[in-house]
Amino acid sequence: MKTLKTEIQTIQESFKKALESVYSLDELESIRVTYLGRKGTIANLMPHLAQLSLEDKRELGPLINELKMVTEKLFNEKKEDLFDKSLEEQEASFKDFDVTAYKPNQPEGSLHLYTQATQDIISIFSSMGYSVEDGPEVETEFYNFEALNIPGDHPARDMQDTFWTTLPNTLLRTHTSPVQIRTMQQQTPPLKVIVPGRVYRHEATDASHDFQFHQFEGMVIDKDISLSHMIATMKHFLETFFKKELKVRARPGYFPFVEPGIEIDMSCPFCKDGCSTCKKTKWIEMVGAGLIHPHVLTSGGIDTKIYTGFAFGFGLTRLIMIKYGISDIRLLHTAHVEFLKQF
Ligand code: FA5
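Residues numbered from 1 in each chain as written. Predicted model: local features only at pLDDT ≥ 70, side-chain atom pairs only at ≥ 80, totals over all residues. Heavy atoms only, no water.

Some words on the site of the ligand
The condition that has to hold: We call a residue near a molecule or strand as soon as one heavy atom of that residue lies within 4 Å of the molecule or strand. In protein, a polar contact means a hydrogen-donor-capable atom and an acceptor-capable atom, both N or O and within 3.5 Å, with residues adjacent in sequence counting only if both atoms are side-chain atoms; elsewhere, any N or O pair within 3.5 Å suffices. In this description, accessible areas are obtained by the Shrake-Rupley approach with a 1.4 Å probe, and a residue is regarded as covered only by the protein chains that are shown. Helix and strand definitions here come from DSSP, where helices need a minimum of 4 consecutive H or I residues and strands a minimum of 2 consecutive E residues; each element is numbered from the N-terminal end.
Within the structure, the ligand sits among 23 residues, and His175, Ser177, Arg201, Glu203 and Asp210 are positioned closest to it. Residue Ser177 places a side-chain N or O atom 2.9 Å away from a nitrogen atom belonging to the ligand. In the model, an oxygen atom of the ligand is placed 3.1 Å from a nitrogen or oxygen of the Gln215 side chain. Across the complex, the protein chains shield 86% of the 680 Å² of accessible surface that the ligand would expose by itself. Mapped by element, the contributors of at least two residues to the shell around the ligand are strand S5 (212-222), strand S8 (283-292) and strand S9 (308-315). Sorting elements by how many residues they give to the shell around the ligand places S9 first, with four residues.

Here we look at the domain arrangement of the chain
Put simply, the rule is: Here the bounds of each domain stem from an automatic or database domain assignment.
Domain assignment breaks the chain into domain 1 (2-93) and domain 2 (113-340). Each of domain 1 and domain 2 has a C-alpha centre, and these two points are 85 Å apart.

Overview of the sheet that holds strand S1 (residues 131-132)
Put simply, the rule is: When DSSP finds two or more bridges between a pair of strands, those strands are recorded as paired. Any two residues whose heavy atoms approach within 4.5 Å at even a single point are treated as in contact. What counts as an axis is a line fitted to C-alpha atoms, over the stretch in contact for a helix, and the angles between N-to-C directions run from 0 to 180 degrees.
Strand order in the open sheet formed by seven strands is S1-S4-S5-S9-S8-S7-S6, with mixed pairing between adjacent strands. With one partner strand each, in any of the chains shown, S1 and strand S6 (248-252) form the two edges of the open sheet. Pairing of S6 with strand S7 (residues 258-267), which is carried by five bridges, proceeds in the antiparallel orientation. Residue pairing in the sheet places Val248 in a bridge with Met266 of S7. Strands S5, S6, S7, S8 and S9 of the sheet are contacted by helix H8 (residues 227-242), whose axis makes an angle of about 30 degrees with S7.

What follows is the structure in structure tokens.
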């Protein structure tokens, strides 16, 4: 009986000691199995108790029960303590968790070609002192046509098939040129601006025409501005954009808002003797341009006795197609991942 009593005390002490060196819920569970399990140290005392006299059983039975209660209580306290600690640790590790962080094997996104090209263009023209202007895509007939020297009965209206809205004299802008007038009205010369933006035309689509596409306009107004300023600007821009030394040439062109109007071609950046991009001509038609018509300067409130200016309008979509060798314009506004992830 004496040995069993000592054993009970030893078990209690060794259990307490064991708990002190436990730092995880897994370790605690293995201690529970060792001491409190069905075949654990405490359960193993029972067969010894059964061999004792009734009197000794009366004394030692309650001692074993107490041992069980005390060990269970200590076990539960430790469990709670470890559980709280593990929650705190979890919280601490989530604190600096960055949901935007890179996760391996995830497809990476990239900027759309329109954004990339627009950023390139803005950077090239900013380096020449140009600022960027914006204007509404739902425009009035006045800004889109009349102020640009295209009155209602003018045949040039047919050059740009128009989406009219149900509001009177209101349309989806057919080009970025209306922003020329808006800028003239809001700012005073000298002016140097570019206007990248989306435009709309009521046209059937094919591989090189869309009903919505992007253009970018440029406009300079100052004293003594001439066509040679513009041609030099176009050459510098095209050479920087295509990263190649190029020749440019000017041909007569007609746009009611410029006089004289010209079209500028560049030598093909991809070949010397003719290729499919330049249709074997060695030249690529690039941009409509000219000196701003005095009627247009007047519509914008500019004094034509003091100032002259030039303007140009690129098909940004076309520029991108040429630079990146894209054969179908419609790909540019599809969500075709295989196409988009090439750029
Ligand atoms: C204009 O829109 C004039 N506003 C450009 C301009 C500005 C001239 C300033 C002079 C001074 P045009 O209609 O040619 O011009 O269009 C300009 C460019 O837009 C074209 O060279 C072509 O590259 C592009 N473009 C025209 N229609 C479409 C279309 N349906 N789909 C894709 N690109 C088009």
